[in-house]
Amino acid sequence: MEDLSRFKQTYFDESAELLEVAESGLLRLTPGEVDSDEVNAIFRAVHSIKGGGGAFGFTDLVAFAHEFETVMDGVRNNTIPVTTELVDTLIRANDLLGQMLAYAREGDSAPAGTTDGTVAALRRHLSGGAQPAQAPAAAPAAPAPAPVPAAVYADDEDDEAGLFGDAMAAIAAARAEEDPVPPGKLRWTIVFRPRSDLLMSGNEPAFMLRALRRLGDATVECHTDALPTLQNLEAELLHLSWTVTLIADADVDLDKINDVFEFVADDCDIRITAEAPPPAAEAPPPVTDPVPVATAAPPAVVAATPEAPKAEPPKAEAARPRPNGGGAEHAGLTSHTIRVDLDKIDRLVNMVGEMVITQAMIAEHVRELPPGEFQELLEGLEQLAQHTRELRESVMSIRAQPVSSVFSRMPRLVRECAATTGKEVQLVTSGETTEVDKTVVENLVDPLTHMIRNSIDHGLEGPEERERVGKPRAGTVHLSAQHRSGRIVIEITDDGRGINRPKVLSKAIEKGLVPPGATLSDEDIDNLIFLPGFSTVDQVSNLSGRGVGMDVVRRNITSLGGRIGVYSTPGEGSRFVLSLPLTLAVLDGMVISVGEERFVLPLTNIVESLRPKAADLHGLVGKCDVMMARGEYVRLVYLHQLFGIPGAVADPTGALVVLVETEDGSRLGLVVDEVLGQQQVVIKSLEANFRRLDGVAAATILGDGRVALILDVAGLREMSRHMDSRAPRPPVAALPAPALEPV
Amino acid sequence: MSSSTALATVGGTRTDARNDVMAVNAAEEQYVTFTVGSEEYGVNILSVREIRGWTPESRLPNLPDYVRGVINLRGIIIPIFDLRARFGGGATSVTKRHVVVVIQVGERTRGILVDAISDILAIGHDAIKPPPDVDGGMVDAEYLSGLYTADDRMVTLLSVEKLFSVENSELDSATKALPALERAS
């Protein structure tokens, strides 16, 4: 059972990828110029999803995928013309397929009628084009005086029936004379000739024969003619083939029989013939030569099939690019990439993490050795440190993925939003190749979707209004990603109307988020949009006006250790800036001490550390202390005050000031007792067993086994700002304090 | 560094028939009991992961005094709660003899700082008395799951989930209401 669920997991993972393949293929599908590779890729994707779904018994999904696949097949055979409407229908179908997968994944069945509309649309296209060989043979229901070979199927719909048909017809005719098919039943003749290497792929013919027997009354005949002599026998090869005569109820159709061979369709020849009720024959004649293992096919027993089998296999391959083409492509892929369980990588990441800690521990002990005596040991350790760092980076890069997987979803979103809002929107993306940890990439989808919707819905004006204010009719949304100071920074810029501050403020007051009469800075007002339950749209729109918007975005981003900021200029547009860590596992930090406590400051935040002279220090309007550093005044923040640490050095001239910089470029001076040294630290979650704390990004374990908190510089600045503006500071309580609830 | 003690060795000092660990029947559950000052508390043994000697904690900023800090438990970071401080007795001044009971609450692992482990008791459901109706908010009975008499001692049985859920909400409100520290000038 557990095994099955593991396969299921793989199936869903792969299906998700296949859906993406299909979608990107569909988006590139343009009327008039059909790239057959592209079409084949889409077809294969849908087909694979269908195939796997069948194995797990997701009947709804398979039924729908089948409809989808049928249309794609028509496109592939050029019987269905590619039109814009068709592409739209197919994109919808692809979405729906994704939904069906989601239902299947949850173990639910899709609500009845979910697929009806899309199926109808698909069928409309189908009836426009030629009907591919698809309708099963249940047709010949009427008893005819003479045996009617109702239809002949190859193992693939693409196969032309003709070649093989004659032979099978002859067999059927021969047999029909002897044994009548009971009324209301159908007789199927299934010739199953596996390739000799079928067993290598772990398939067991006996299962299939048993499965056939479950469908009805089956007579199985085994052909042993191809068996080599004992000394030539290769036990791992399959030398047998079978002919099954199946008397089944009328509701057993071709699909059901084909399902039995779902997994081996590519590794064998299957010929299925149906025959209607009229008199039919027993004693199935041994049909055809067995597996065309190689050259010397034994003489055919039945005269009717002299050439067909030998002619068949190559033809079948030529006629279906599906399995073989797919296989080849996969083979091409596998030579460059492997699919690895994420758990394994995470274990590796953890191991490297522990190694980094151990290395730090050794380094700590070595520092206590008498200097000058262990030169080689020190050099060795230095190298070890270097290698550890490289190892860490390599391991992290395994988990890194380009953000393009998220960015590529946005054009479609923009198209839809533009259509819904009646606005004209142009999306410009840049920096798609920027890489960041997989978890970060995955968790970016929702926030970005929401923010882009928000930009189009709230930010951009309608085309008329834009013309009135002298802007181009089409608004532009710019989505960019880049690495900056060890983090990834994603910006979403629109050239719309900007944040309407008076409206935002009055709304916030109306909702009780800000006390009436409060005076807020522009920046504070802009940030009000991140408050829970805030939404300025008077009418709840389909897109983003549900009031669950930006606060959720903010929470998502914060939970990834990121931050979000908004910069807006009325009339010119808004810019949302997300800054996220590249990896969630390790960082380079500076260990500092305050009182008895030790903390880690991310190295990326540190500009320099210095010991200020009394002359450099000033009080600023009685609110805070500032310090002159390199010709610039920076605000001093006393860590021991923020964190309430006893026994710290209170006088900055006796302490150290670490000049730190946040992602948005603002600087402040952090007053600490001592800087102990630089070290790689493994990021450990505080939230896993406890909760988030203000001013703390995470925790880590130092060389001596003690826990140290990793400081969040922007968070510290936020805390200190609230401390400094002591007197009347109304909005503070309501300001978006980062999510407090334990995760 | 770590001084974990296997649970089995903890209760071995007493050989009172009722306390016999082996005499577990269906209606009974086992409790690990420990002392804080002169009081004795018990938690269900199923929620106890291990018991370890005191190792110095790292403090967490701006939290109530009963949040002692965090320690490194074989690579994971767990918070330590001071039970004495939790019940208003002020922060425990720790010695090497103090003990941390590591407890699993749902997905989370946490430690409780107590004075000493005292016993493992098999307690039948019938023997657990409900906590008295303490009014006036003197005792928040939410996290008390019952009282039990062992010989002449009273053991207060704690409901771990409730105890921590109360702490969570209080922690949140405590943090929210925490006045920003005045600048020492």
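Residues numbered from 1 in each chain as written. Chains lettered and ligands numbered in written order. Predicted model: local features only at pLDDT ≥ 70, side-chain atom pairs only at ≥ 80, totals over all residues. Heavy atoms only, no water.

*Asks:* Quick one: what's the story with the overall build of chain B, residue by residue and with numbers?
*Replies:* When helices and strands are counted, chain B shows two helices and 11 strands. Put simply, chain B runs from its N terminus to its C terminus through helices and strands in the order β-β-β-β-β-β-α-β-β-β-β-β-α. Across the 185 residues in chain B, those meeting the buried criterion constitute 50%. When the accessible surface of chain B is totalled, it reaches about 9100 Å², and 55% of it is carbon and sulfur. (Helix = DSSP H or I, 4+ residues; strand = E, 2+ residues; numbered from the N terminus. Buried < 20%, exposed > 50% of the residue type's maximum accessible area, 1.4 Å probe, protein only. Areas by Shrake-Rupley, 256 points an atom, 1.4 Å probe, with all protein chains shown as cover.)

*Asks:* Just give me the short version of the overall build of chain A, but keep the residues and values in it.
*Replies:* Looking only at helices and strands, chain A has 21 helices and 23 strands in total. Across the 743 residues in chain A, those meeting the buried criterion constitute 48%. Residue pairs at least 24 apart in sequence account for 73% of intrachain contacts in chain A once pairs closer than 6 positions are excluded. (Contact = heavy atoms within 4.5 Å.)

*Asks:* Run through the environment of Asp341 of chain A, naming residues and quoting values.
*Replies:* With respect to the element layout, Asp341 of chain A can be found in the loop between α10 (321-334) and α11 (342-367). On the basis of relative accessibility, which here comes to 46%, the residue Asp341 of chain A falls in the partly exposed class.

*Asks:* Break down the packing of helix α2 (residues 36-55) of chain A against helix α3 (residues 59-76) of chain A for me, citing the residues and quoting the values.
*Replies:* When two helices pack together, their arrangement is given by the angle between the helix axes and by the axis-to-axis distance. Residues and elements named next belong to chain A. Across the interface, α2 lies against α3 with an axial gap of 9 Å and an inter-helix angle of 160 degrees. Put simply, α2 runs roughly antiparallel to α3. Crossing geometry of α2 relative to α3 is assigned as left-handed. From α2, Val39, Asn40, Ile42, Phe43, Val46, His47, Ile49, Lys50, Gly53 and Gly54 reach across to α3, where they touch Leu61, Val62, Ala65, His66, Phe68, Glu69, Met72, Asp73, Val75 and Arg76. Taken together, the residues of the contact of α2 with α3 break down into 11 nonpolar, five polar and four charged. (Axes fitted to C-alpha atoms, helices over the stretch in contact; angles between N-to-C directions. Parallel < 35°, antiparallel > 145°, perpendicular 65-115°, else oblique. Left-handed = near helix turned anticlockwise from the far one by under 90°. Nonpolar A, V, L, I, M, F, W, Y, C, P; charged D, E, K, R; others polar.)

*Asks:* So what's going on with the pairing of strand β20 (residues 667-672) of chain A? Which residues, and what values?
*Replies:* The side chains of a regular strand alternate between the sheet's two faces. Residue and element names in this part refer to chain A. The element β20 is largely enclosed, with a buried count of five among its six residues. Across four bridges, the pairing between strand β18 (residues 632-638) and β20 is parallel. Opposite Leu636, over in β20, you have Gly669 as the bridge partner. By the bridge criterion, six bridges tie strand β19 (residues 656-661) to β20 in an arrangement that is antiparallel. Bridge pairing in β20 places Val660 opposite Leu668. (Pairing = 2+ DSSP bridges.)

*Asks:* So what's going on with the packing of α3 of chain A against helix α4 (residues 84-106) of chain A? Which residues, and what values?
*Replies:* All names here are of chain A. As a packed pair, α3 and α4 sit with axes 10 Å apart at the nearest point and diverge in direction by 155 degrees. Taken together, the axes of α3 and α4 are roughly antiparallel relative to one another. α4 is crossed by α3, and the crossing has left-handed handedness. The residues of α4 that touch α3, namely those facing Asp60, Leu61, Phe64, Ala65, Phe68, Val71, Met72 and Val75, are Leu86, Leu90, Ala93, Asn94, Leu96, Leu97, Met100, Leu101 and Ala104. In the contact of α3 with α4, the residues fall into 15 nonpolar, one polar and one charged.

*Asks:* Can you tell me about helix α7 (residues 205-215) of chain A, naming the residues and giving the values?
*Replies:* Two residues of an α-helix separated by three or four positions point the same way, owing to the 3.6 residues in each turn. All names here are of chain A. Turning to α7, its buried residues number three or more, namely Pro205, Met208, Leu209, Ala211 and Leu212. Angularly, the buried residues of α7 cover 160 degrees about the axis, an arc narrow enough to put them on a single face. Facing away from the buried side of α7 by more than 90 degrees, the exposed set consists of Phe207, Arg213 and Arg214. Of the surrounding elements, those touching the buried residues of α7 are β2 (185-194), β3 (216-223), β4 (241-249) and α8 (254-260). (Arc of directions from axis to C-beta.)

*Asks:* Can you tell me about the confidence of the model for chain B, naming the residues and giving the values?
*Replies:* Residues and elements named next belong to chain B. Residue-level pLDDT values for chain B average 75, and 69% of them are 70 or greater. For chain B, per-element mean pLDDT is lowest for strand β1 (residues 4-5), which scores 46, and highest for strand β4 (residues 48-53), which scores 93. For the stretch residues 1-24, pLDDT sits under 50, and the model shows 41 contacts to residues farther than four places along the chain or on other chains. Ignoring residues within four places in sequence, the model shows residues 169-185, a span with pLDDT below 50, making 35 contacts including any to other chains. Two summary scores accompany this predicted model of the complex, namely pTM at 0.48 and ipTM at 0.75. (pLDDT = per-residue confidence, 0-100.)

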